[in-house]
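Residues per chain, in single letters:
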Amino acid sequence: GELLSSYTIDGYTDDRNHVNSLHCCGENLYFALLHNHSRLTRSEVLVFSLNEHRKVEVVHRLQLWHGGCHNLAVDGTTLFYNASADG
């Protein structure tokens, strides 16, 4: 379809952060799991929304305890992910 918005994480245009999973929570809250290829940092979760101009607004950024993560899901106040690189 149509490109609604784009967002460059930390100014990098390469695949450094690599979004591995997306989860929509409600009408306008999204969670992105950043794999980060375990090169610079462990995996992270980027929580964002789209403003009235369809621009990404980061709400929160959380560094996880593991690297190389996949498959994010949120159920209420619990965040689940697969820490596959750490076994």
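Relevant structure appears above.
On a predicted model such as this, the values are computed, not experimentally measured, just so you know.

Thresholds, definitions, all that
Residues numbered from 1 in each chain as written. Predicted model: local features only at pLDDT ≥ 70, side-chain atom pairs only at ≥ 80, totals over all residues. Heavy atoms only, no water. Pairing = 2+ DSSP bridges. Helix = DSSP H or I, 4+ residues; strand = E, 2+ residues; numbered from the N terminus. Axes fitted to C-alpha atoms, helices over the stretch in contact; angles between N-to-C directions. Buried < 20%, exposed > 50% of the residue type's maximum accessible area, 1.4 Å probe, protein only. 1 Å grid on protein atoms, 1.4 Å probe; cavity = no way out; pocket = protein on both sides within 12 Å on 5 of 7 lines; lining within 4 Å. Points joined across faces, edges and corners; volume = space filled by probe spheres on them. Nonpolar A, V, L, I, M, F, W, Y, C, P; charged D, E, K, R; others polar. Salt bridge = Lys/Arg side-chain N within 4 Å of Asp/Glu carboxyl O.

1. Points about the sheet that holds strand β3 (residues 44-50)
Sheet architecture is open: four strands sit in the order β1-β2-β3-β4, paired in antiparallel fashion. With one partner strand each, in any of the chains shown, β1 (19-24) and β4 (56-63) form the two edges of the open sheet. Neighbouring strand axes in the sheet, compared pairwise and without regard to direction, differ in orientation by 20° on average. In this structure, β3 lies alongside β4, joined through seven bridges in antiparallel fashion. Counted as the bridge partner of Phe-48 is Val-58 from β4.

2. Considering the environment of Gly-87
Checked against the element boundaries, Gly-87 lands in the segment after β6 (78-82). Its relative accessible area of 95% is what places Gly-87 among the exposed residues. Distance from Gly-87 to Gly-67, taken between C-alpha atoms, is 10.0 Å for residues 20 residues apart in sequence.

3. Remarks on the layout of surface pockets
Computed from the structure, the largest pocket encloses a volume of approximately 320 Å³. Contributing elements (two or more residues each) for the lining of the largest pocket: β1, β2 (30-34) and β3. Among the residues making up the lining of the largest pocket, the classes are represented as 12 nonpolar, three polar and no charged. What lines the second largest pocket is Tyr-7, Thr-8, Ile-9, Tyr-12, Thr-13, Asp-14, Asp-15, Arg-16, Asn-17, His-18 and Val-19.

4. So, unusual backbone geometry
Even without being glycine, Arg-54 reaches a positive phi, approximately 65°. Note that Arg-54 resides in the loop between β3 and β4. Of note in the backbone geometry, Asn-71 takes a positive phi value of approximately 60° without being a glycine. In this structure, Asn-71 sits in strand β5 (residues 70-75).

5. What to know about the pattern of salt bridges
If the charged atoms of two oppositely charged side chains come close together, the side chains can form a pair. Under the counting rule described, the total for this entry stands at four salt bridges. The closest approach of N and O atoms between Asp-10 and Arg-61, which form a salt bridge, is 2.8 Å. You can see Asp-10 sitting in the segment before β1 and its partner Arg-61 sitting in strand β4, a full 51 residues away along the chain. Classification of Asp-10 as partly exposed rests on a relative accessible area of 47%. Residue class for Arg-61 comes out partly exposed when judged on its relative accessible area of 32%. What emerges from the salt-bridge pattern is a single network uniting Asp-10, Glu-44 and Arg-61.

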